[in-house]
Amino acid sequence: MSTGMSTGMSTGMGTDEVRERYAAAARRAMAGETRVRTADDPFGSVHYGDEAAGLPVATSMGCGNPIAVAELREGETVLDLGSGGGLDVLLSARRVGPAGRAIGLDMTDDMLALARRNAAEAGVTNAEFLRGRIEEVPLPDSSVDVVISNCVIALAANKSAVFAEIARVLRPGGRLGITDLIADDTLTDAERAAGADVECLATALTAGAYRSLLAAAGLAEVEVRPTHDAGHKLTSAIIRATKHVTTVRGPASRRRLPDEQA
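The residue numbers shown here count from 1 along each chain, following its written sequence. It should be noted that, the model being predicted, local features are given only for residues of pLDDT at least 70 and side-chain atom pairs only at 80 or more, the latter also being counted only at that level, while totals for whole chains, interfaces and linings use all residues. Side-chain measures here rest on the full set of heavy atoms in the structure, leaving out hydrogens and waters.

**Q** Give me the lowdown on helix α4 (residues 109-122), citing residues and values where you can.
**A** Per the convention used, a helix needs a DSSP run of H or I reaching at least four residues, while a strand needs a run of E reaching at least two, with both numbered from the N terminus. Take the residue count of a helix, subtract one, and multiply by 1.5 Å to get its expected span. For α4, with 14 residues, the first-to-last C-alpha span of 20 Å sits near the 20 Å given by 1.5 Å per residue. When a residue's accessible area, from a 1.4 Å probe over protein chains only, is under 20% of the maximum for its type it is buried; when over 50% it is exposed; and in between it is partly exposed. Listing the buried residues of α4 in full gives M111, L112, L114, A115, N118 and A119. The buried residues of α4 occupy an angular sector of 160° when the element is viewed end-on, so they sit on one face. Residues of α4 that are exposed and angled more than 90 degrees away from the buried face: A120 and E121. Regarding the arc, it is the one traced by the directions from the helix axis to the C-beta atoms.

**Q** Account for the nonpolar core, naming residues and giving values.
**A** Nine residue types can take part in a nonpolar core, namely buried Ala, Val, Leu, Ile, Met, Phe, Trp, Tyr and Cys, and a core is a set of them joined through side-chain atoms within 4.5 Å. Formed by 34 residues in total, the largest nonpolar core has its most connected members in L79, L81, V147, F163, I166 and Y210. For this core, the secondary-structure elements that each account for two or more residues are β1 (77-81), β2 (101-106), β4 (144-150), α5 (159-169), β5 (170-183), α7 (207-216) and β7 (234-242). Counting residues in hydrophobic clusters, the runner-up holds 21 residues, among them I67, A115, A119 and V124.

**Q** Account for the sheet that holds strand β3 (residues 127-131), with residues named and values stated.
**A** Pairing between two strands is assigned when DSSP locates at least 2 bridges connecting them. Sheet architecture is open: 7 strands sit in the order β3-β2-β1-β4-β5-β7-β6, paired in mixed fashion. Lying at the two open borders of the sheet, with one neighbouring strand each, are β3 and β6 (220-231). On average, each strand axis in the sheet is tilted by 15° relative to the strand beside it, whichever way the strands run. As defined by bridge partners, β4 adjoins β5 across 6 bridges and the pair is classed as parallel. Axes here refer to lines fitted to C-alpha atoms; in helices the fit is confined to the stretch in contact. Angles between the N-to-C directions go from 0 to 180 degrees.

**Q** Talk me through the pairing of β1; I want residue IDs and the actual numbers.
**A** In terms of burial, β1 is a largely internal element, 5 of the 5 residues being buried. Where burial is concerned, the two faces of β1 agree: the one with T77, L79 and L81 and the one with V78 and D80 are both buried. Pairing of β1 with β2 involves 5 bridges; the strand directions are parallel. Looking at the pairing, T77 lines up with R101 of β2. Seen with the strands pointing away from the viewer, any crossover whose path from the first strand over the helix to the second strand runs clockwise is right-handed. Handedness of the crossover is the feature at issue here: the chain leaves β1, passes through helix α3 (residues 87-96), returns alongside β2, and the resulting connection is right-handed. The pairing of β1 with β4 spans 4 bridges and is parallel. Bridge pairing in β4 links V78 to V146.

Quick look at the structure:
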């Protein structure tokens, strides 16, 4: 069993490598090139139904549908970590309605450009996209009701920092509803090292590590439920958690919004 994941620090593809990989995917999508996926593909558009009609489903690279997990309500503010081409943000914007707000956060300029184009073409006006890293969210404390994400956190270099940021930006009573890849308990450190160039094999948390790190960040009612096979010793899972009203905020200070930067 792996011992290197308990701290939330990961090895594998670096941040620059991840950024370039997804930037290239965004450029292909902007050029009209999309991958054709089969019904048994564990990633992408297969996870979306009629609700996504008219939206850029073909640009999805996720392992599930976090909108089906998060139980969004009208008027809520939703944050999508690693929002990519913006599909889950646009779906969230529809769910929360005109009184709500859907925010996408991505570190890749090309993906942000694609997402903004997709939002404009879909006529969605209550969605916005910010540039930033999920380990350092550029939003104030207690500013969102729901955090979603689709197959992104498994790639993060410092998952403890990601979970601390989730706890920080969630309002008391707020919730986490994501889909992500988890590693099998039998995955060894040697297998992780051998698969360092395989996306998420070297970096995915086990279900137990996911539960421990979310709890350590101050989140409660943590649920990790596997859904389907996603590759060698990798499984897609639904992860839910709640920020209790009594949760004590960590040492992270309020992040400034982009238009507040000096």
